[in-house]
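# Observations on the three-dimensional arrangement
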Amino acid sequence: MSSNIKIPKICNHCKNGFTAKTTVTQFCSTKCAGKAYKIKKRAEKQALAQDVEYKKTNGIDMELIQSKEYLSIKETCLLLGVSRMTIHRQIKNGTIKTSKLGGRVIIKRDNINYLMS
């Protein structure tokens, strides 16, 4: 069955006007549809690469950080979104209380929650 519908539309890719024969048509040609598909796939690929790179550079999963009771300075920086120098400054001022475990400085999660409230 052929359709007698003629709907004036604007192409989602090239923004030129065209006459569509169905109500779901988005592009004026297969060329525009193909280009839009490539752009969409490229954006998905870039987003995935950025996500992988972010996890690789930080080396720490945010969900894991949020579930821990004791945090390192690096984990605290990632959780609060501040620099290491800011955390060290707050420790020196006494705003953030720390404990030492061997040579490692750890911060209790309750201290951070108290600081944020």
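Since the model is a prediction, treat every value here as computed from it, not as a measurement. (Residues numbered from 1 in each chain as written. Predicted model: local features only at pLDDT ≥ 70, side-chain atom pairs only at ≥ 80, totals over all residues. Heavy atoms only, no water.)

## Looking at the sheet that holds strand E3 (residues 70–71)
Each strand in a sheet pairs with another by means of backbone hydrogen bonds, the pair being arranged parallel or else antiparallel. Read from one edge to the other, the open sheet built from three strands follows the order E3-E5-E4, with strand pairing classed as antiparallel. Both edges of this open sheet fall to E3 and strand E4 (98–101), since each of them pairs with a single strand only. Of the strand pairs in this sheet, E3 and strand E5 (residues 104–108) are connected by two bridges, and their pairing is antiparallel. Looking at E5, one finds that Tyr 70 is bridged to Lys 108. Seen against the sheet, helix H5 (residues 109–116) touches E3 and E5 and runs at an angle of roughly 55° to E5. (Pairing = 2+ DSSP bridges. Helix = DSSP H or I, 4+ residues; strand = E, 2+ residues; numbered from the N terminus. Contact = heavy atoms within 4.5 Å. Axes fitted to C-alpha atoms, helices over the stretch in contact; angles between N-to-C directions.)

## Quick notes on the pattern of salt bridges
A full pass over the atoms with the stated rule returns three salt bridges. For the salt bridge of Asp 110 with Lys 108, the shortest nitrogen-to-oxygen distance reads 4.0 Å. A relative accessible area of 42% means that Asp 110 is categorised as partly exposed. (Salt bridge = Lys/Arg side-chain N within 4 Å of Asp/Glu carboxyl O. Buried < 20%, exposed > 50% of the residue type's maximum accessible area, 1.4 Å probe, protein only.)

## As for the pairing of strand E2 (residues 17–20)
Every second residue of E2 is oriented toward a common face, the buried set being Phe 18 and Ala 20 and the non-buried set Gly 17 and Thr 19. Alignment of strand E1 (residues 7–10) against E2, held across four bridges, turns out to be antiparallel. Bridge assignment links Pro 8 to a residue of E2, and that residue is Thr 19. Joining the antiparallel neighbours E1 and E2 is a turn of six residues, in which Lys 15 adopts a positive phi near 65°.

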